[in-house]
Amino acid sequence: MMKNSISASKASLVFFLYQMISALDVPLDSKLLEELSQPPTITQQSPKDYIVDPRENIVIQCEAKGKPPPSFSWTRNGTHFDIDKDEQVTMKPNSGTLVINIMNGGKAEAYEGVYQCTARNERGAAISNNIVIRPSRSPLWTKEKLEPNQVREGDSLVLHCRPPVGLPPPIIFWMDNAFQRLPQSERVSQGLNGDLYFSNVQPEDTREDYICYARFNHTQTIQQKQPISVKVFSTKPVTERPPILLTPTGTTSNKVELRGNVLLLECIAAGLPTPVIRWIKEGGELPANRTFFENFKKTLKIIDVSEADSGNYKCIARNILGSTHHVISVTVKAAPYWITAPRNLVLSPGEDGTLICRANGNPKPSISWLANGVPIAIAPEDPSRKVDGDTIIFSAVQERSSAVYQCNASNEYGYLLANAFVNVLAEPPRILTPANKLYQVILDSPALIDCAYFGSPKPEIEWFKGVKGSILRGNEYVFHDNGTLEIPVAQKDSTGTYTCVARNELGKIQNEVQLEVKDPTMIIKQPEYKVIQRYGHVSFECIIKHDSTLIPTVIWLKDNDELPDDERFLVGKDNLTIMNVTDKDDGTYTCIVNTTLDSVSASAVLTVVAAPPTPAIIYARPNPPFDLELTGQLERSIELSWIPGDENNSPITSFVIEYEDGLHEPGVWHYQTEVPGSQTTVQLKLSPYVNYSFRVIAVNEIGRSQPSEPSEQYLTKSANPDENPSNVQGIGSEPDNLVITWESLKGFQSNGPGLQYKVSWRQKDVDDEWTSVVVANVSKYIVSGTPTFVPYEIKVQALNDLGYAPEPSEVIGHSGEDLPMVAPGNVQVHVINSTLAKVHWDPVPLKSVRGHLQGYKVYYWKVQSLSRRSKRHIEKKILTFRGNKTFGMLPGLEPYSSYKLNVRVVNGKGEGPASPDRVFKTPEGVPSSPSFLKITNPTLDSLTLEWGSPTHPNGVLISYILKFQPINNTHELGPLVEIRIPANESSLILKNLNYSTRYKFYFNAQTSVGSGSQITEEAVTIMDEVQPLYPRIRNVTTAAAETYANISWEYEGPDHANFYVEYGVAGSKEDWKKEIVNGSRSFFVLKGLTPGTAYKVRVGAEGLSGFRSSEDVFETGPAMASRQVDIATQGWFIGLMCAVALLILILLIVCFIRRNKGGKYPVKEKEDAHADPEIQPMKEDDGTFGEYRSLESDAEDHKPLKKGSRTPSDRTVKKEDSDDSLVDYGEGVNGQFNEDGSFIGQYSGKKEKEPAEGNESSEAPSPVNAMNSFV
């Protein structure tokens, strides 16, 4: 029970910690930090394990900060270290760093030990880590007599290094007498322990200068082992050996590594041929991105190991004679590491806070706390402090609670020490942002105004605009926790002075800053795409408009890089000109305009083309006009004249005159007028208080010229405004105000400086005087304290320093609306039918609407169904009737149901109160169709019908109506029988039916209103009581060809069934394709199939719902290059054969004549005596001719072709068909001709008539085979 209560208290304590007030954040302001009291903080210290060079002075660092500055002291090996008593030890001024003078007689070994620094001031004490000082050591190699190594070729060899033990351990490498590193490979390599391993020795390994070197980095010394001699003697033959492991030994070993370190595993094997090493992790994969193989894959390296890398790692050494392996069981432990390190707390008196120290490790580290360097158990008590394991809880702290706490997390592999102070401060507010700081932003961009502050307790921040402005609130501002005020979209009226006020219980302070909103920089004339001929010149424009107080800089780039350093590139004020354009000038040119607040850019492409080969008339845009002159200056008009530029072979059709208002919109050009191309002067109308400049653009059929240079400026005199603001409106935003808005005059419409507006209003139909107010150049004014929704007469008049504009016209507006006060009365419902009702109501008095009447809303909902008496989820429906309508129709009601409704009036503000709910009921309607109809248990003369009640009865069911009639084999309908069934029945057995007859059933439900929609079904009585006949299709078989398949089946069931075949690609989710079978056939041919494709198929019968065969799967044959046809029946082939026969006859006649002329001679005897090497017999195994055969063997081979055999289309004979014998083609070797046309058959000594006997057969030879014999 005690343990449970402790656990419960801890759980509640943890919950309490999450509820506590967060500590103060101290801004990183150097001036503030110098003024605030602060406990010490260690800022720099030497590493925990500090190995020093024994030849140099020892510097043990300890730096700390605090207010007041801390003092320092040291312990050595746990006791106070009095540096004043040791003349070799000094401490740096204003620091805790120790300097131990070794170079003037001190010995580093005398200062070995564990050091710890303490930094202390009046608010606490911070301590450093335990710093272990050890001097580095680089001992000499012990002298030993090394015997020469005599090794047989192919054996393994290990040369041991055994370096002296140094601090830190040395780096090992092998070199020769010439200080050249010994080459290493898969066969020869250095192990992690420094030994040199030979998997097998070779004669080239013989040498006397294998030298192991040890480099000690701290002392920058290298120690050398005595040279080792190796002599390799050869024995023939060299015996190959399977792999054995040189290191590690045995089949298993263990290794422990710490988290975050590098894991190195090594396997080096002997064997001949040299074994190859492979690494795997049993039961897992080697970690990706952290695994590396070194030393020719003999070393597995895993960086930044974690507990997940624990497991068994297997190295496998393999060569052609076998393999061996070794399993290394790796356990990853962990020195302590932080989960949550304690953080400094700055608290106000009376506040709460926590210090949390959470660490992890393997094994789990223990947590201990110290206060000002003293174990917390023996430290002075603090009633505001409570220790709970890894957490210290502070409640209602006071200034005396300030201290530095140390958290120590340790296990057998190391420790962590962290300092965290608790600083209790009572400070009045301070604002760190400089006074009168100026912020500048671009129009429509966010503005962030800083108010960096500090105070304890944490001050509250408020913002005001202007010196005596009201506090800023609302959605147009964002107030950040650090005191910053954000204006998401800065406007011109955002300009002004902003005051930040910070206050807490100890005081109050304020600071003023300035905000200026600048106009954005714009490129009003962007560079345009240009195509220019080689050696011409081109100009890109970049005309900008910017805020007058910002200084823009314009930079031109080519292909996003600086312009070439070439005098041909001329950068003007608002253009870039390139003279003598060459092909390398092709590219993209970008104009970039920068100010201190914004940047804009625009680009254009220049394409350089070759000049035309022959001169031609060039039609181009005209050159710009020039010599613009202003004459006849008057207050409201002036005359402009100019000289046209070159027409460029296309007459000028018109001139466009543009003007610039340098006073209100500098850099922006506006259209003024357009005159015919024959005119070079124009009288221009002017407006007062405009600083005019003019330019002229010439236009021809090709296009517009570049603008001319601007004329001189002409400033017209000021005058009263000529016009008043437009679009004046009065609409209230709240029930007690009137918001008057208008569209302000443009800059040049002001006609003079000091543009303002006189806003006047009075309540309509009330004898009130006009109330007027003059406002600055804005577009809105809010009148407060108005009655709710009353009409007002409104007018807005422009004025400037010279006077008023003409009297403005009046408009009617209304003050703000409020929600309606009264609900519609006398709500009546008239039910028209079971799904439609009409609702009436009396209109509410217009005064009670208190706004613009928008209409009425009718809310109605179904309460319950009168037939089921079961309530359901209420879903309200809304119908809106616009205007002053007093009735409406409610469609889509459910029959025989109870409904409620109410009516509300709607204005621009919202809805008024609802009228009292009216209840109405809809009458009964016809029901929906029964939910299902099943026909089961067919017998010779009966069927059983089962059904479900309608989903929507729409009233009280009084009965069901069943109608049925027989259907004969020709689908003709018999007499109709009708039966009425009580409403409480759900099944019926129909008797006295005809056997083996199909019936069609029509079934519906009925209320007092009438019959609902019907559901139909068909069923068949059985033919035989003992063995009822159920229709079925079975034994579906397919015979597939390349693009078609023959489908056949067996059918059992009623006669005259209409079948259909469904098919599709096997495994596809596509819909089945359907083919109708004509008549009552039991087979069908599917055509148009894809060759080499698997299909699924099934057969069904029309009229039998859900009745079809099981699926069958077949595959079409592969596509053939061409169909093989019996060409013996083709006309062209018969003609070809006749031609071939005629040619053979002619050849026979020629041969006979030449034979008679030359006589016979014994060729065979000559061949036997002088065998021609070029006439070689072919062998059967490679398709060449075999040895000459005897007459008996020839006679055996002279067999006719098998009936129906065909030669492949490529005219090759397969071995299984022909047995590689030409005799099968009808002639054998005797069918060949020699060089002079005589038959080679003579060579065998056969009689003249024997060749004819070779064609003897009971069947006629195939014409294809005959053709192949002579080809």
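Above this note sits the structure.
Caption draft 1: Structural context of the sheet that holds strand 77 (residues 897-907). Ordered in space as 75-74-77-78, the 4 strands form an open sheet in which the pairing is antiparallel. Among the strands making up the open sheet, the edge pair consists of strand 75 (877-882) and strand 78 (918-921). Going from strand to strand, the sheet's axes swing by 30° on average, the running direction of each strand aside. Two strands pair when backbone bridges link them, and strand 74 (residues 853-865) and strand 75 are joined in this way by 6 bridges, in the antiparallel orientation. Within strand 75, the residue paired with Lys 857 across the bridge is Thr 880.

Caption draft 2: Up close: the sheet that holds strand 86 (residues 1032-1040). Strand order in the open sheet formed by 3 strands is 86-87-90, with antiparallel pairing between adjacent strands. Every interior strand has two partners, whereas the edge strands, strand 86 and strand 90 (1083-1086), have only one. For this sheet the average axis-to-axis angle between neighbouring strands, irrespective of direction, equals 20°. Bridge analysis of strand 86 against strand 87 (residues 1045-1052) gives 7 bridges, and the strand direction is antiparallel. In the strand pairing of strand 87, Arg 1032 is matched with Glu 1052.

Caption draft 3: The arrangement of the environment of Asn 594 in detail. Tracing the backbone through its elements, the reader meets Asn 594 in strand 55 (residues 587-594). Asn 594 sits 42 residues away from Pro 552 along the chain, and the two C-alpha atoms are 5.5 Å apart. Non-local contacts of Asn 594, meaning those with residues more than four positions away in its chain, are made with Ile 551, Pro 552, Thr 553, Ile 555 and Ser 599. There is a polar contact of 2.5 Å between the side chain of Asn 594 and the side chain of Ser 599.

Caption draft 4: A look at unusual backbone geometry. A cis amide bond, omega 0°, links Lys 67 with the succeeding residue Pro 68. Relative to the helices and strands, Pro 68 resides in the loop between strand 4 (62-67) and strand 5 (71-76). If you check the backbone angles, Asp 444 has positive phi at about 70° while not being a glycine. In this structure, Asp 444 sits in the loop between strand 39 (438-442) and strand 40 (447-449). A positive phi angle, close to 55°, is found at Asn 954, a residue other than glycine. Locating Asn 954 in the fold gives a position in the loop between strand 80 (943-950) and strand 81 (959-967). Take Asn 954: its relative accessible area is 17%, and that puts it in the buried class.

Caption draft 5: Expanded view of the state of the cysteines. Within the structure shown, the criterion is met by 6 disulfides. The side chain of Cys 62 participates in a disulfide bridge whose partner is Cys 117; the two sulfur atoms lie 2.0 Å from each other. Taking the sign of the torsion about the S-S bond as the criterion, the disulfide between Cys 62 and Cys 117, at about -70°, is left-handed. Of this pair, Cys 62 sits in strand 4 while Cys 117 sits in strand 9 (residues 113-121); the two residues are 55 residues apart in sequence, bridging distant segments of the chain.

Caption draft 6: Highlighting the environment of Phe 292. Positionally, Phe 292 belongs in strand 25 (residues 291-294). When its relative accessible area of 37% is taken as the criterion, Phe 292 is described as partly exposed. If we ignore the near neighbours within four places in the chain, the residues touching Phe 292 are Thr 299, Leu 300, Lys 301 and Ile 303.

Caption draft 7: Up close: the side chain of Asp 176. When you line up the elements, Asp 176 lands in the loop between strand 14 (171-175) and strand 15 (188-190). A distance of 3.0 Å separates the side chain of Asp 176 from the backbone nitrogen of Ala 178, its partner in a polar contact.

What counts, and where the lines are drawn
Residues numbered from 1 in each chain as written. Predicted model: local features only at pLDDT ≥ 70, side-chain atom pairs only at ≥ 80, totals over all residues. Heavy atoms only, no water. Pairing = 2+ DSSP bridges. Helix = DSSP H or I, 4+ residues; strand = E, 2+ residues; numbered from the N terminus. Axes fitted to C-alpha atoms, helices over the stretch in contact; angles between N-to-C directions. Contact = heavy atoms within 4.5 Å. Polar contact = N/O pair within 3.5 Å; in protein donor to acceptor, adjacent residues only side chain to side chain. Buried < 20%, exposed > 50% of the residue type's maximum accessible area, 1.4 Å probe, protein only. Disulfide = S-S within 2.5 Å.

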